[in-house]
Amino acid sequence: KISDIKSKLPHMLPSAKIFEKKIKHMGIKNNSIIITYSKPNLMGASRVWWMFKYFGHNKIAVLDGGVEKWKKENKLLTNKLPKKKKQKYVTSPDKTWLTTYSEIKKNIKNTKFLVVDARNKNRFKGIENEPRKGLKKGHIPHSKNIFWEQMISKNGTLIKKSKIKEKFSKLIKY
């Protein structure tokens, strides 16, 4: 797990220093090509992809359909772990991949950008309790909702780009 362990909130972005330290011990270099996947869906893999993008790593992709699709296609799997040799890894954070708490608070008043909440509709509406202890119900004022599962087809792959654009274009009419 790579996150800001000092934060009271789960899954918070670590500092560049912590990220570098963890990544170089995984045997990853700045020019490494990374394919990320997660089980049972693309959520974890997408988070890893975003984090690497934020820290300036551009050679990263999400395995569409994940390991489940890989297995169904009878592609090679192994239980052998690769040897990890400590590498040099230097981040180059791209701040455009992150919106800060203060920017979100200002946006509530001046609505300069659209905030999209990817949780399910009932969590967004505050009908359903949050699974994480201590988090309030509801959503950020003026935000819109598209549940992340709407981006996944029945076979576990991302829906077509045209369908994603269509779904987001409906939100933009605010």
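It should be noted that the structure appears before, not after, this text.
Residues numbered from 1 in each chain as written. Predicted model: local features only at pLDDT ≥ 70, side-chain atom pairs only at ≥ 80, totals over all residues. Heavy atoms only, no water.

**Q** Requested: an account of the overall build of the protein, with residues and values cited.
**A** A count of helices and strands for the protein gives 6 helices and 4 strands. In the protein, the succession of α and β elements from N to C terminus is α-β-α-β-α-α-β-α-β-α. For the C-alpha atoms alone, the extent of the protein along its principal axes is close to 50 × 40 × 30 Å. Expressed as a percentage of its 174 residues, the buried residues of the protein come to 24%. Across the protein, contacts joining residues at least 24 apart in sequence account for 62% of those joining residues at least 6 apart. Of the roughly 13400 Å² of accessible surface on the protein, 56% is carried by carbon and sulfur atoms. Side chains of the protein give 44 positive and 12 negative charges; the mean places of these two sets differ by 4 Å. (Helix = DSSP H or I, 4+ residues; strand = E, 2+ residues; numbered from the N terminus. Buried < 20%, exposed > 50% of the residue type's maximum accessible area, 1.4 Å probe, protein only. Contact = heavy atoms within 4.5 Å. Areas by Shrake-Rupley, 256 points an atom, 1.4 Å probe, with all protein chains shown as cover. Lys, Arg positive; Asp, Glu negative; His and termini not counted. Charge placed at Lys NZ, Arg CZ, Asp CG, Glu CD.)

**Q** Please provide a residue-by-residue account of the pattern of salt bridges, values included.
**A** All told, the structure shown has 6 salt bridges when counted by the stated rule. In this structure, Lys75 and Glu73 form a salt bridge, with 2.9 Å as the shortest nitrogen-oxygen distance. Overall, the relative accessible area of 39% leaves Lys75 in the partly exposed class. Residue class for Glu73 comes out partly exposed when judged on its relative accessible area of 36%. Ionic pairing is found between Arg119 and Asp117, a salt bridge with its closest N-O pair at 2.6 Å. For Arg119, a relative accessible area of 17% translates into the label buried. Each of Asp117, Arg119, Arg123 and Glu130 takes part in a single network of salt bridges with overlapping partners. (Salt bridge = Lys/Arg side-chain N within 4 Å of Asp/Glu carboxyl O.)

**Q** An account of the nonpolar core is needed here, citing residue identities and associated values.
**A** Phe19, Ile23, Met51 and Phe52 are the most contacted members of the largest nonpolar core, which totals 13 residues. Broken down by element, the residue count for this core peaks at 4 residues, all from helix H2 (residues 43-54). With residues up to four places along the chain from it excluded, the contact list for Ile23 reads Ile2, Ile28, Phe52 and Tyr89. (Core = buried A, V, L, I, M, F, W, Y, C linked by side-chain atoms within 4.5 Å.)

**Q** Please provide a residue-by-residue account of a positive patch on the surface, values included.
**A** Where like charges cluster on the molecular surface, the positive patch consists of Lys6, Lys17, Lys21, Lys22 and Lys86. Under the relative-accessibility criterion, Lys6 is labelled exposed at 76%. (Patch = residues over 30% accessible without salt bridge, like charges linked within 9 Å, V, L, I, M, F, W, Y side chains within 5 Å.)

**Q** Run through the packing of aromatic side chains, naming residues and quoting values.
**A** The final tally for this structure, using the stated rule, is 7 aromatic pairs. Consider the rings of Trp49 and Trp97, whose centres lie 5.4 Å apart with planes at 80°: the pair is edge-to-face. Here Trp49 is found in helix H2, whereas its partner Trp97 is found in the loop between helix H3 (66-72) and helix H4 (101-110), with 48 residues between them in sequence. Exposure remark for Trp49: the relative accessible area of 28% places this residue in the partly exposed category. Pairing Tyr54 with Phe55 gives two aromatic rings, centres 4.9 Å apart and planes at 80°, and the pair type is edge-to-face. (Phe/Tyr/Trp six-rings, centres within 6.5 Å; stacked < 30°, edge-to-face > 60°.)

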